[in-house]
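# Analysis of the macromolecular model
Listed below, chain by chain, are the residues.
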Amino acid sequence: MNEVLIIDYGSQYTRLLARKIREFEVYSRVEDPSNAKISNDTAGIILSGGPMSVYEEGALPLTDIILKSGLPILGICYGMQLLAKNFGGRISKGKSFEYGLTFVRLHESPLFSTFPSHIKTWMNHGDAVERLPDGFEKVAESESGMIAAFESVTRRIYALQFHPEVHQTEYGDEMIKKFVFEICGAKPEWKMKDLIGTEISLTKKKIGNSKVIGAVSGGVDSAVAALLVSKAIGNNLISIFVDHGFLRFEDLAVPCILEKAGVTVKKVDASGLFLENLKNCSDPEEKRKIIGRTFIEVFEREARTYGSRWLLQGTIYSDVIESAAASSSSSKIKSHHNVGGLPEKMNLKLIEPLRELFKDEVREVGKMLGLPPEIINRHPFPGPGLAIRIIGEVTREKADILRRTDKILTDTLRKHREYEKIWQAFAVLLPVKSVGVKGDARSYGYVVAIRAVDSIEGMTASWHELPYTLMREISSKITDEVPEIGRVVYDISDKPPATIEWE
Ligand code: XMP
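So, here is what we can say about the structure in this document. Numbers given to residues run from 1 along each chain, matching the order in which its sequence is written. Selection of residues for local features in this predicted model requires a pLDDT of at least 70, selection of side-chain atom pairs for listing and counting requires 80 or more, and totals for whole chains, interfaces and linings are taken over all residues. Hydrogen atoms and water are omitted, and side-chain values are computed over all heavy atoms in the structure.

### Re the sheet that holds strand β4 (residues 73-76)
By the convention used here, strands pair only if DSSP detects at least 2 bridges between them. Strands are runs of DSSP state E lasting at least 2 residues, helices are runs of H or I lasting at least 4, and numbering of each runs from the N terminus. On the basis of which strands lie adjacent, the open sheet formed by 9 strands has the order β2-β1-β3-β4-β11-β10-β9-β6-β7 and mixed pairing. On the outer flanks of this sheet lie β2 (27-31) and β7 (118-125), each paired with one strand and no other. Within the sheet, the average angular offset between the axes of one strand and its neighbour, ignoring direction, is 25°. The strands touched by helix α1 (residues 14-23) are β1 (3-7), β2, β3 (42-47) and β4; relative to β2, the strand with the most contacts, the crossing angle is about 160°. The contact rule is simple, with two residues in contact once any of their heavy atoms fall within 4.5 Å. Angular values range over 0 to 180 degrees, each being the angle between N-to-C directions of two axes fitted as lines to C-alpha atoms, with helices fitted over their stretch in contact. The strands touched by helix α3 (residues 78-86) within the sheet are β3, β4, β7, β10 (147-152) and β11 (157-160), with β4 carrying the most contacts at an inclination of about 115°.

### Thoughts on the pattern of salt bridges
When a carboxyl oxygen of Asp or Glu is within 4 Å of a side-chain nitrogen of Lys or Arg, the pair counts as a salt bridge. As enumerated under the stated definition, the model contains 32 salt bridges in all. Notably, a salt bridge pairs Arg29 with Glu3, separated by 2.8 Å at the nearest N-O pair. Residue Arg29 is found in strand β2, and its partner Glu3 is found in strand β1; the two are separated by 26 residues along the sequence. Residue Lys359 is joined to Asp221 by a salt bridge in which the shortest nitrogen-to-oxygen separation is 2.9 Å. Note that Lys359 is positioned in helix α11 (residues 359-368) and Asp221 in helix α6 (residues 220-233), a separation of 138 residues in sequence. Across this residue pair, the class does not change: Lys359 and Asp221 are buried. One network of salt bridges, in which partners are shared, links Arg248, Glu250, Asp251, Arg378 and Arg414. Residue burial is assigned from relative accessible area. The probe radius is 1.4 Å, only protein chains are included, and a residue is buried under 20% of its type maximum, exposed over 50%, and partly exposed in between.

### Considerations on the pairing of strand β12 (residues 212-216)
With respect to burial, β12 is a largely interior element, 5 of its 5 residues being buried. Burial of β12 is two-sided: the residues Val212, Gly214 and Val216 facing one way and the residues Ile213 and Ala215 facing the other way are all buried. Across 5 bridges, β12 lies against strand β13 (residues 237-243) in parallel orientation. By the bridge assignment, Val212 is partnered in β13 with Leu237. In this region the chain leaves β12, passes through α6 and returns to the parallel neighbour β13; the handedness of that crossover is right-handed. Relative to strand β15 (residues 310-312), β12 is paired through 3 bridges, and the arrangement is parallel. Bridge pairing in β15 links Val212 to Trp310. The crossover handedness rule: strands pointing away from the viewer, path from first strand over the helix to second strand clockwise, crossover right-handed.

### Focus on the pairing of β3
A large share of β3 lies buried, amounting to 6 of its 6 residues. Note: β1 against β3, 5 bridges, orientation parallel. Its bridge partner being in β3, Glu3 is matched across the sheet by Thr42.

### Here we look at the environment of Arg131
As for its placement among the helices and strands, Arg131 is situated in strand β8 (residues 128-131). When its relative accessible area of 42% is taken as the criterion, Arg131 is described as partly exposed. Residues Arg131 and Ser210, 79 residues apart in the sequence, show an inter-C-alpha distance of 57 Å. We call two N or O atoms a polar contact when they sit within 3.5 Å, provided that within protein one can donate a hydrogen and the other can accept it, with sequence-adjacent residues counted only if both atoms are side-chain atoms. A polar contact is formed between the side chain of Arg131 and the backbone oxygen of Gly88, at a distance of 3.0 Å.

### Overview of the nonpolar core
Definition used in this section: a nonpolar core is a set of buried Ala, Val, Leu, Ile, Met, Phe, Trp, Tyr and Cys residues joined via side-chain atoms within 4.5 Å. Ranked by size, the top nonpolar core spans 86 residues in total, and within it Phe246, Phe299 and Leu413 carry the most contacts. The biggest single contributor to this core is α6, with 10 residues. Within the second largest apolar cluster, 34 residues are counted, among which are Leu17, Leu74, Ile76 and Ala186.

### Let's talk about the sheet that holds β15
Sheet architecture is open: 5 strands sit in the order β14-β13-β12-β15-β16, paired in parallel fashion. Both outer strands of the open sheet, β14 (265-269) and β16 (349-351), are each paired with one neighbouring strand and no more. Going from strand to strand, the sheet's axes swing by 30° on average, the running direction of each strand aside. With 5 bridges joining them, β13 and β14 adopt parallel strand pairing. Across the sheet, residue Val242 finds its bridge partner in β14, namely Val268. Along the sheet, α6 contacts β12, β13 and β15; its crossing angle with β13, the most-contacted strand, is approximately 160°.

### Considering the packing of aromatic side chains
Two rings from Phe, Tyr or Trp (for Trp, the six-membered ring) form a pair when their centres sit within 6.5 Å of each other. Planes less than 30 degrees apart are called stacked, planes more than 60 degrees apart edge-to-face, and all others tilted. Within the structure shown, the criterion is met by 10 aromatic pairs. Judged by centre distance (5.2 Å) and plane angle (50°), the rings of Phe87 and Phe136 are tilted. Within this pair, whereas Phe87 is found in the loop between α3 and β5 (90-92), its partner Phe136 is found in the loop between β8 and β9 (137-142), the two being separated by 49 residues in sequence. Where Phe274 meets Phe295, the ring centres are 5.2 Å apart and the plane angle is 70°; that geometry is what we call edge-to-face. Residue Phe274 is located in helix α8 (residues 271-277), and its partner Phe295 is located in helix α9 (residues 284-306); the two are separated by 21 residues in the primary sequence. For the pair formed by Phe274 and Phe295, the shared burial category is buried.

### Structural notes on α1
Of all the 10 residues making up α1, 8 are buried; the element is thus mostly covered by neighbouring parts of the structure. Every buried residue of α1 is listed here: Thr14, Arg15, Leu17, Ala18, Arg19, Lys20, Ile21 and Arg22.

### Description of α6
A helix is expected to reach a length of 1.5 Å times the quantity of its residues less one. Given a rise of 1.5 Å per residue, 14 residues ought to cover 20 Å, and the 20 Å separating the end C-alpha atoms of α6 matches this to within 8%. Buried residues dominate α6, accounting for 13 of its 14 residues. Once α6 ends, the next one or two residues include Gly234, with phi positive near 55°.

### Focus: the side chain of Glu352
Here Glu352 shows up in the loop between β16 and α11. At 2.6 Å, the side chain of Glu352 and the side chain of Thr315 are in polar contact.

Below you can see the structure in the form of structure tokens.
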């Protein structure tokens with residue numbers, strides 16, 4: 001009994017919750033409401049929040065499997081309203097908005113013991129529980145008098161209107177811990193290395209003796225995925241490193257580093273094909289789709305050569321959620337090339353062992369597998385590479401300009417030890433030229449934007465406060481050493497409202 005099952009009703013925070021529980025060293029699994037399975041190990045169930053209203057048509061339901069399990073249940077936001085509705089309470093629809101920081105008064109409850117009686121919480125709801133079901137007790141109310149938590153200790157059912165999993169809620173982590181350890185009785189026995197073992201044996205079972213084509217890019221995710229799967233199936237993994245023409249200098253060294261770690265890598269230069277397919281394309285979504293399709297074209301060709309039906313990808317959780325493939329009710333931000341950018345029909349079946357993990361968890365797995373720090377500590381790099389950092393139509397010449405600019409930026413950040421303080425830093429080539437003066441003569445060069453952001457998992461980000469002296473050094477070096485560039489600007493947009501990448 002050492003696993004918490006999270007039923008995903010579409011909240012952007014669901015995986016954050018799963019990851020928090022894993023950090024408490026208890027395994028947590030996220031499942032869709034319709035096919036959630038309870039195992040002998042399940043110690044408790046959490047019903048996540050979600051964007052729907054419990055009375056609306058098609059609202060995701062609470063299934064009998066969960067209700068009849070007899071296990072402790074914690075409902076959060078939509079999950080709380082589902083519990084109230086299922087046990088005979090009443091919900092008011094669209095009248096009781098509470099968004100953002102809200103003060104809540106706590107009463108006595110096993111979830112709140114030892115906390116102060118007034119705490120700040122994070123709310124995000126338009127519906128509210130108006131009347132409690134029989135046998136349940138209100139244990140918290142918000143400043144405006146709305147029910148903020150209720151419970152039935154005897155039935156081991158707890159419900160919170162606010163989100164304990166977001167950092168803005170005071171004592172949120174402690175509440176989750178009380179549920180997991182004290183109410184569900186789980187033990188902190190799970191370690192990230194257990195996940196490696198589980199994934200290795202699952203992959204072995206799934207693949208048997210077949211061959212797998214592994215997609216390796218310049219990034220940490222695909223490197224970790226390749227190493228993990230090579231531990232499971234050895235030489236039956238054929239890792240393909242596709243040069244799509246939009247790689248950075250440092251990416252080109254990746255095959256060599258992976259080979260040293262024991263993964264054989266085949267290099268394929270497909271830059272001509274990618275450039276040809278991207279001709280006349282300047283729409284960001286279209287670009288991502290074309291790149292996704294072209295990758296598959298290359299991998300299918302390789303798969304035919306090796307007689308393989310499987311494709312390994314280093315998809316991680318943020319790729320899934322931003323491509324709106326996480327659950328039927330989340331909204332699409334952009335098609336990450338290894339998720340939403342895939343063609344509808346392809347002849348390869350996917351293996352994505354890191355799909356549930358956040359970036360820092362992937363890095364931890366990489367470290368355990370023995371990947372060197374130069375790969376693990378790299379900033380994230382998107383599958384479509386520099387192509388989505390060249391705004392507008394891409395050309396070989398522009399990719400070359402950006403590649404040289406990127407190297408100057410990265411080298412300078414590394415030299416000043418600023419690189420490690422930043423989640424991700426890169427240059428973006430704009431489709432704009434501006435007038436300047438170089439050596440007493442008029443110049444007319446491209447504008448490049450520098451983006452550096454702080455983030456924890458890429459889902460939100462704030463622009464990084466680079467020291468001015470460093471900004472000056474970066475700017476001068478770029479305009480001195482890349483003659484095609486005439487102006488450097490710094491991006492001061494957070495995510496939201498902007499995304500990290502420009503396209
Ligand atoms: P955005 O731009 O959506 O990026 O704020 C969030 C994080 O995801 C990376 N990213 C991608 N990674 N394929 C990837 O493998 C993609 O298509 C892709 N698009 C964005 C981005 O670099 C950032 O770290």
